[in-house]
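Coordinate analysis (summary)
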Amino acid sequence: MTVQRCTLITFAALAALWPLSGCDRSRNGAPPAVPRAPGFTIEATSPLLGETGVAISREIRFRLSAPVDPTTVDAEAFQVRYAGGGPVIPSRLQVRRDGMEIMCFFPEQRLPPGMRIEVEIAGDRVRSLDGRALDADGNGAGGGTGSLWFETLSLVRAPGTDLCGRVLASERGPDGVDVPLAGVTISVDGLEGERDAVTDAFGNFCLQDTPSGRIFVHINGIAAAAPPGFYYPNVGKTWEARTGQPTSVGTIYLPAVALNALVATSATETTEIAMVAEQLQRVPDPELREALASVRLTVPPDNLFFDDGRRGNLVGL
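Residues numbered from 1 in each chain as written. Predicted model: local features only at pLDDT ≥ 70, side-chain atom pairs only at ≥ 80, totals over all residues. Heavy atoms only, no water.

**Observations regarding the packing of aromatic side chains**
For the structure on display, the rule yields 3 aromatic pairs. Sitting over the ring of Trp149, Arg116 keeps its end group 3.8 Å from the ring centre. (Phe/Tyr/Trp six-rings, centres within 6.5 Å; stacked < 30°, edge-to-face > 60°. Lys NZ or Arg CZ within 6 Å of the ring centre and 35° of its normal.)

Right, dumping it as structure tokens:
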């Protein structure tokens, strides 16, 4: 399931609903306190304020305390820039169907690597469905300007910094031994097509001269030979590379996915996904197979997105 890939400097704490308890107020001869309406705030963000090593393909998300009026969410309200007042980075804004989350995607270009990114949020422009202005600066009053910064990971290659490992099928062969997968492509996120590694007949690979530190990689098994009616997927992982030396990432297992496993989801209704019979038949343990047959994945309507912000509609188990 692909839900592809802005954070505020403050998480405004809601004022206490009861300044004094009803008991205290009555004892002082005053009527019980009337609860104040909570503000319209950003409750959580991704990435976090000051987060480092952020993937350049990652989207920015704001989780809200109340549903937002989607007509007030525009490029003037959420501006993403290079740090220090650089040019605006074009983004595509999407609002989750229930209005509780705003997402920034980058369809024209990925975020630049090794850079500090800043997001400016104009609280006066963004309104909840009941008309409250967004408390962007976290001072307890609607409106104001909020800001966020985070740093993307570096993609500068370091000579001698290699990541080596092996890719096997998740299911063993008829004789009970591991099945190596040849033809699987391993690439660094943001450097796809530049010295990718491809597994050999034994499933071995070595990704050479990678950036050092934390990196994101893609392990694409689509070209590997799969059983009839199945394919090997493209999965993402995070690895740590030691500067100037090889690092073993161990063994990666790819599951064979049935071609009919992906199901179209609804834009207006909740979709329930079950594991297809072809997938279940590949589970050797009968108890586990029975347990998996009862698993259901519930997908809210209109809630899937590609990395560039386009709406997706296929998901599977």
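**A word on the sheet that holds strand S5 (residues 101-105)**
Pairing is antiparallel across the open sheet formed by 4 strands, whose spatial order is S1-S2-S5-S4. Of all the strands in the sheet, just strand S1 (42-46) and strand S4 (92-95) have a single pairing partner and so form its edges. Pairs of neighbouring strands in the sheet enclose a mean axial angle of 15 degrees, with direction left out of account. Summarising the sheet, S1 and strand S2 (residues 60-64) pair through 4 bridges and their orientation is antiparallel. Residue pairing in the sheet places Ile42 in a bridge with Leu64 of S2. (Pairing = 2+ DSSP bridges. Helix = DSSP H or I, 4+ residues; strand = E, 2+ residues; numbered from the N terminus. Axes fitted to C-alpha atoms, helices over the stretch in contact; angles between N-to-C directions.)

**Describing the environment of Ser57**
With respect to the helices, strands and loops of the structure, Ser57 is situated in the loop between S1 and S2. In this structure the C-alpha to C-alpha distance between Ser57 and Phe216, which are 159 residues apart in sequence, comes to 9.8 Å. In this structure the side chain of Ser57 is engaged in a polar contact, spanning 2.9 Å, whose partner is the side chain of Asp189. (Polar contact = N/O pair within 3.5 Å; in protein donor to acceptor, adjacent residues only side chain to side chain.)

**What to know about the confidence of the model for the protein chain**
Looking at the protein chain as a whole, the pLDDT averages 85, with 88% of positions reaching at least 70. Confidence drops under pLDDT 50 across residues 1-36; counting only partners more than four residues distant or on other chains, this segment forms 83 contacts. (pLDDT = per-residue confidence, 0-100. Contact = heavy atoms within 4.5 Å.)

**Some words on the state of the cysteines**
Within this structure, the stated rule accounts for 1 disulfide. Paired through a disulfide, Cys164 and Cys206 show a sulfur-sulfur distance of 2.0 Å. Placement of Cys164 in strand S8 (residues 162-169) and of Cys206 in strand S11 (residues 204-207) is noted, with a sequence separation of 42 residues between them. For Cys206, a relative accessible area of 33% puts it in the partly exposed group. (Disulfide = S-S within 2.5 Å. Buried < 20%, exposed > 50% of the residue type's maximum accessible area, 1.4 Å probe, protein only.)

**Digging into unusual backbone geometry**
Residue Pro47 is reached from Ser46 by a cis peptide bond, and omega for that bond is 0 degrees. In this fold, Pro47 is placed in the loop between S1 and S2. Positive phi is not limited to glycine here, since Arg195 has a value of about 55 degrees. With a phi angle near 50 degrees, Asp209 is a residue other than glycine that sits in the positive phi range. Among the structural elements, Asp209 can be located in the loop between S11 and strand S12 (213-220).

**Overview of the side chain of Thr210**
Structurally, Thr210 is set in the loop between S11 and S12. When sequence neighbours within four positions are dropped, the list of residues in contact with Thr210 reads Arg157, Ala158, Thr161, Leu163, Val188, Ile215 and Ala241.

**Observations concerning the nonpolar core**
Counting 57 residues, the largest nonpolar core has Ile60, Phe62 and Phe78 as the members making the most contacts within it. Looking at this core, the element that brings in the most residues is S12, giving 4 residues. Among all residues touching Phe78, those that are not within four sequence positions of it are Phe62, Val73, Leu93, Ile102, Cys104, Glu120, Ile121 and Val126. (Core = buried A, V, L, I, M, F, W, Y, C linked by side-chain atoms within 4.5 Å.)

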